[in-house]
Amino acid sequence: MKMKKYNAPSIAEAMKLIRAELGDDAVILNSKVVVNKKFFGLVKKKSFEVVAGVDKVEAKPVFPPLQDLQSLKPIIEAAAPSIMKEQEQAISKKTSAEEDSTMTNELKKEIADLKLIMQSLHRQSIQSKYPDELLHFIDYLKQQELNEELITQVSDELFVHTENLVTIDFDDFQEATRRILERQLRGIEIGAVSYDRKYINVLGPTGVGKTTTIAKMAARAVLEKKKKVGFITTDTYRIAAIEQLKTYAGLLQVPIEIVYSAEDYKAAIEKFAHLDLVFIDTAGRNYKEARYITDLQRLINFGDEVQTFLVLSLTSKEQDLETIIQQFNQIHVEKFIFTKLDETNSIGTMFNLMIKYKKGLAYYTNGQEVPEDIEEPSLEKLFELFFQGEIK
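Calculation notes
Residues numbered from 1 in each chain as written. Predicted model: local features only at pLDDT ≥ 70, side-chain atom pairs only at ≥ 80, totals over all residues. Heavy atoms only, no water. Helix = DSSP H or I, 4+ residues; strand = E, 2+ residues; numbered from the N terminus. Buried < 20%, exposed > 50% of the residue type's maximum accessible area, 1.4 Å probe, protein only. Contact = heavy atoms within 4.5 Å. Areas by Shrake-Rupley, 256 points an atom, 1.4 Å probe, with all protein chains shown as cover. Salt bridge = Lys/Arg side-chain N within 4 Å of Asp/Glu carboxyl O. Pairing = 2+ DSSP bridges. Core = buried A, V, L, I, M, F, W, Y, C linked by side-chain atoms within 4.5 Å. Axes fitted to C-alpha atoms, helices over the stretch in contact; angles between N-to-C directions. Phe/Tyr/Trp six-rings, centres within 6.5 Å; stacked < 30°, edge-to-face > 60°. Left-handed = near helix turned anticlockwise from the far one by under 90°. Polar contact = N/O pair within 3.5 Å; in protein donor to acceptor, adjacent residues only side chain to side chain.

**Student:** Honestly, the overall build of the chain in this entry has me stumped. Any pointers?
**Tutor:** A count of helices and strands for the chain gives 13 helices and 11 strands. Burial analysis of the chain (392 residues in total) assigns 45% to the buried set. Contacts in the chain between residues far apart in sequence, at least 24 positions, make up 74% of those at least 6 positions apart. Put simply, the chain shows about 20,800 Å² of open surface, and 50% of that area lies on carbon and sulfur atoms.

**Student:** Quick question: what am I supposed to make of the pattern of salt bridges here?
**Tutor:** Oppositely charged side chains may form a pair once their charged atoms are brought near each other. Applying the stated criterion across every chain yields a total of 15 salt bridges. Among the salt bridges present, the one from E189 reaches K335, with a minimum N-O distance of 3.3 Å. You can see E189 sitting in the loop between α6 (170-185) and β4 (199-203) and its partner K335 sitting in strand β9 (residues 335-339), a full 146 residues away along the chain. A residue is classified by how much of its surface remains accessible, and K335, at 5% relative accessible area, is buried. K271 is paired through a salt bridge with E257; the nearest N and O atoms lie 2.7 Å apart. Placement of the pair is K271 in helix α9 (residues 262-271) and E257 in strand β6 (residues 256-258), with a sequence separation of 14 residues.

**Student:** Just to check I follow, could you spell out the environment of I242 for this structure?
**Tutor:** Tracing the backbone shows I242 in helix α8 (residues 239-252). When the C-alpha positions of I242 and E257 are compared, they lie 9.8 Å apart, and in sequence the two are 15 residues distant.

**Student:** Please explain the pairing of strand β5 (residues 229-233) as it appears in this structure.
**Tutor:** Here is the key point about a regular strand: its side chains alternate between the two faces of the sheet. In terms of burial, β5 is a largely internal element, 5 of the 5 residues being buried. Sheet analysis places β5 next to strand β7 (residues 277-281), joined by 5 bridges and oriented parallel. If you follow G230 over to β7, its bridge partner there is V278. The sheet contact formed by β5 and β6 spans 3 bridges and is parallel. The residue of β6 that forms the bridge with F231 is I256.

**Student:** Just to check I follow, could you spell out the nonpolar core for this structure?
**Tutor:** Nonpolar side chains in soluble globular proteins tend to end up buried together. Counting 60 residues, the largest nonpolar core has I232, L312, F328, F336, F338 and F351 as its most contacted members. With sequence-adjacent residues up to four places away left out, F338 is seen in contact with L312, L314, M350, L353, L361, Y363, Y364 and T365. Judged by nonpolar contacts, the second largest core, of 26 residues, contains V208, A219, L252 and F309.

**Student:** Explain the sheet that holds β5 to me, please; I cannot follow it from the model alone.
**Tutor:** Within a sheet, adjacent strands bond to each other through the backbone by hydrogen bonds, running parallel or antiparallel. The 8 strands are arranged β6-β5-β7-β4-β8-β9-β10-β11 in an open sheet whose pairing can be described as mixed. What marks the edges here is a single partner per strand, and that holds for β6 and β11 (374-375). Strand contacts of helix α12 (residues 348-357): β8 (306-313), β9 and β10 (360-365), with the helix running at about 165° to β9, the strand carrying the most contacts.

**Student:** Could you clarify how one ought to interpret the packing of aromatic side chains in this entry?
**Tutor:** Aromatic rings in a pair are described by how distant their centres are and how their planes are angled relative to each other. Taken as a whole and assessed by the stated rule, the structure comprises 12 aromatic pairs. Centroid distance Y140 to F173: 5.9 Å. Interplanar angle 85°. Geometry classified as edge-to-face. Taken together, the residues span a long stretch of sequence, with Y140 in helix α4 (residues 132-143) and F173 in helix α6 at a distance of 33 residues. We note that Y140, like F173, is buried.

**Student:** Looking at this structure, I do not really get the packing of helix α11 (residues 318-327) against α12. What am I missing?
**Tutor:** Angle between the axes and distance between the axes: these two values describe a pair of packed helices. At a minimum axis distance of 11 Å, the contact between α11 and α12 shows a crossing angle of 35°. The handedness of the crossing between α11 and α12 is right-handed. Mapping the contact onto sequence places E318, L321, E322, I325 and Q326 in α11 and T349, N352, L353, K356 and Y357 in α12.

**Student:** It is not clear to me how the side chain of T211 should be interpreted in this structure. Could you clarify?
**Tutor:** Mapped onto the elements, T211 comes out in helix α7 (residues 210-223). Among the residues examined, T211 registers a relative accessible area of 4% and is labelled buried. Reaching out from T211, the side chain makes a polar contact with the side chain of D281 at a distance of 3.0 Å.

Below, the structure is given as structure tokens:
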């Protein structure tokens, strides 16, 4: 094996030198941070010392063994933010179009290398902790987009069985997952709207299918529960939304009021005093902006007689959904309603958000048909959805 020691101001520079001289088959044998003192010890300068080697006879993997990567992990994690900063600074310094392009591409390649190493480290860590027979179950949890903490809990639960030399099958996997999720969901209410409060207020960002969802809920109340229902809409920003709700009101033969101000809202409430239920459709806005939440609070009375539900699309990124939920933290949201189940293959996000924010689930929708494509959830139904995918 050919071995060589490299000294560089950053781990990215060291990787570049290693790749240039030893090629992509090189492996990291040792690494450490070196502090050099200058000017009688008054100035300290940090560098990275990496020992790499390459076997000319036997091909080596692109990534080093787990034990070698473990020693490199803290260095990579420490260096990654500074490299990202270097990239931003380099891009911001405009010299010439050709130089900028070359510099940017080099930095992007270095960052991509670091990401690949970290991904390899994470993958090898999982493979070293759990036996092979569990890995395809773990992959299924990831496909369902369950968060890492819940995946670890389920995996550890299954690992106990393998330690006792018990064969793991799909039934064992389901049972362990259910145990973990039921434990985490304890005390969180799952079920449809209760009719003990008159006003049903439905919130949500634009494009989640909020108006259609309200129509489905109202249709069930009219057709199945024989309730006297009315609509109030504050969505005066979109003509199409008003016309859509008017159409549903006409089909159900129920009254509708359009409100533009707090005074209009109070008048509509008084007008609907004789009804059993009033569904309130709010404007679909970009609720990442806090001012829209403030406008909503000025317009609507979120009192004791109001049930408030937040509609979220399962096709949105979980990080974006969390931002929306956090923006509504000043309003008491009782439960979530998840839409567009028919447009996704994973429902882990539902469990993640319910558990993280301790909010229940009122409905999930799986199509555009009114009132058919809406389901009243239960734990059993959610578990059926979760496990109907294919284990690979």
